[in-house]
Amino acid sequence: MLSKKMEEALNAQINAEMWSAYLYLSMSADFASSGKPGFANWMNIQFQEEQEHALKFLNYVISRGGKPVLKPIEAVKTSWSSPLEAFEDTLHHEQKVTSLINELYALATEEKDYATQSMLKWFIDEQVEEEETAQGIIDALRMISDNGFGLYTLDKELAARVYTPSTQE
Ligand code: FEO
C-alpha cells in the first residue's frame, strides 16, 4: 500500500509525463508544419515514449492499491524559432524531469518504500539516456549551424527513428 504522500507525488508525476507528451507533440506539429518531417518524426516518438512513461506510473499506482487521479494538462509552447531552440528546450525539460524523478526517489527512501525505489530505477536510467540524446542532437545542430545541407541530412537521419516500447528494449 502506498502512503498518501507517495500516492500524491506519483499522481503529480503522471501529469508531468503527460505534459511532456503534450510538449513533444507540439514540437512535432511545429516541425511537421515547417517542412522538417524527420525532426517531426523524432518528436512524435518522444511523444509516444512520454505517454508510455505516464502509463507506467499510472499502472504502478494501481498495482500498489492507489488511485490514479488525472489532472488538467497545462498549455505548452506552440512554436520554436529553430531546431536548436526546440532541442535546447527539450534538454532543459528533461533536466527538470530528472530532478522530479530524483525527488520521488528521495521521498520513497524517506518513507522506506522499497518497491517504489525499485520501480523508479528504470526512470533514473531512462533520464540519463534522455539527457544524453538531447545533448547529442544539440551538439550536431551547433556543428551544422545554419548550413542547409547539414540540416537536411540531420532531418533524414532523425526520420529513421522508430518507436520501440520499453518492454521490447
Ligand atoms: Fe518521461 Fe522524457 O521523461
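Just above sits the structure.
If you're wondering where the values come from, they're calculated on a predicted model, not measured in any experiment.

Enquirer: Kindly report on the packing of aromatic side chains, identifying the contributing residues and their values.
Expert: Under the defined criterion, the tally for this structure stands at seven aromatic pairs. Among the aromatic residues, those joined into a cluster by ring pairs are Phe31, Phe39, Trp42 and Phe87. Geometry around Trp122 places Lys56 over its ring, the cationic atom sitting 4.1 Å from the centre. Across from the ring centre of Trp42, 4.3 Å away, lies the NZ or CZ of Arg161, which sits over that ring.

Enquirer: Got a sec to walk through the pattern of salt bridges? Specific residues and values, please.
Expert: All chains considered together, the criterion is met by seven salt bridges. Among the ionic pairs, Arg64 bridges to Asp113, the shortest N-O distance being 3.1 Å. In this pair, Arg64 sits in the loop between helix 2 (37-63) and helix 3 (83-110) while Asp113 sits in the loop between helix 3 and helix 4 (114-144), placing the two residues 49 residues apart along the sequence. Here Arg64 falls in the buried class, since its relative accessible area comes to 17%. Here Asp113 falls in the buried class, since its relative accessible area comes to 9%. Residues Glu88 and Arg142 are paired through a salt bridge, measuring 2.8 Å at the closest nitrogen-oxygen approach. Linking Glu88 in helix 3 with Arg142 in helix 4, this pair joins segments that are 54 residues apart in sequence.

Enquirer: Run through the nonpolar core, naming residues and quoting values.
Expert: Judged by nonpolar contacts, the single largest core of 23 residues is most densely connected at Phe87 and Leu154. Breaking this core down by element, the ones donating at least two residues are helix 1 (4-33), helix 2, helix 3, helix 4 and helix 5 (148-159). Sorting elements by how many residues they give to this core places helix 4 first, with six residues. Those residues in contact with Leu154 that lie beyond four places of it in its chain are Phe39, Ile137, Ala140, Leu141 and Ile144. The next biggest cluster of nonpolar side chains, apart from the first, holds 17 residues, and it includes Met6, Ile14, Leu58 and Val97.

Enquirer: Can you break down a nonpolar patch on the surface residue by residue, with the values?
Expert: A contiguous nonpolar patch, built from Tyr22, Leu25 and Ile73 and spanning about 240 Å² of accessible area, is present on the exposed surface. Structurally, the position occupied by Ile73 is in the loop between helix 2 and helix 3.

Enquirer: Please provide a residue-by-residue account of helix 4, values included.
Expert: Compared with the 45 Å implied by 1.5 Å per residue over 31 residues, the 46 Å span of helix 4 between its first and last C-alpha is a close match. The largest bend along helix 4 measures about 30° and falls at Leu120. Among the residues trailing helix 4, Ser145 stands out with phi positive, at a value near 55°.

So, how was this worked out
Residues numbered from 1 in each chain as written. Predicted model: local features only at pLDDT ≥ 70, side-chain atom pairs only at ≥ 80, totals over all residues. Heavy atoms only, no water. Phe/Tyr/Trp six-rings, centres within 6.5 Å; stacked < 30°, edge-to-face > 60°. Lys NZ or Arg CZ within 6 Å of the ring centre and 35° of its normal. Salt bridge = Lys/Arg side-chain N within 4 Å of Asp/Glu carboxyl O. Helix = DSSP H or I, 4+ residues; strand = E, 2+ residues; numbered from the N terminus. Buried < 20%, exposed > 50% of the residue type's maximum accessible area, 1.4 Å probe, protein only. Core = buried A, V, L, I, M, F, W, Y, C linked by side-chain atoms within 4.5 Å. Contact = heavy atoms within 4.5 Å. Patch = residues over 30% accessible without salt bridge, like charges linked within 9 Å, V, L, I, M, F, W, Y side chains within 5 Å. Areas by Shrake-Rupley, 256 points an atom, 1.4 Å probe, with all protein chains shown as cover. Expected span 1.5 Å × (residues − 1). Bend = angle between axes of the 7 residues up to and from the residue.

Without other data, these values stay purely geometric and don't point to any function.
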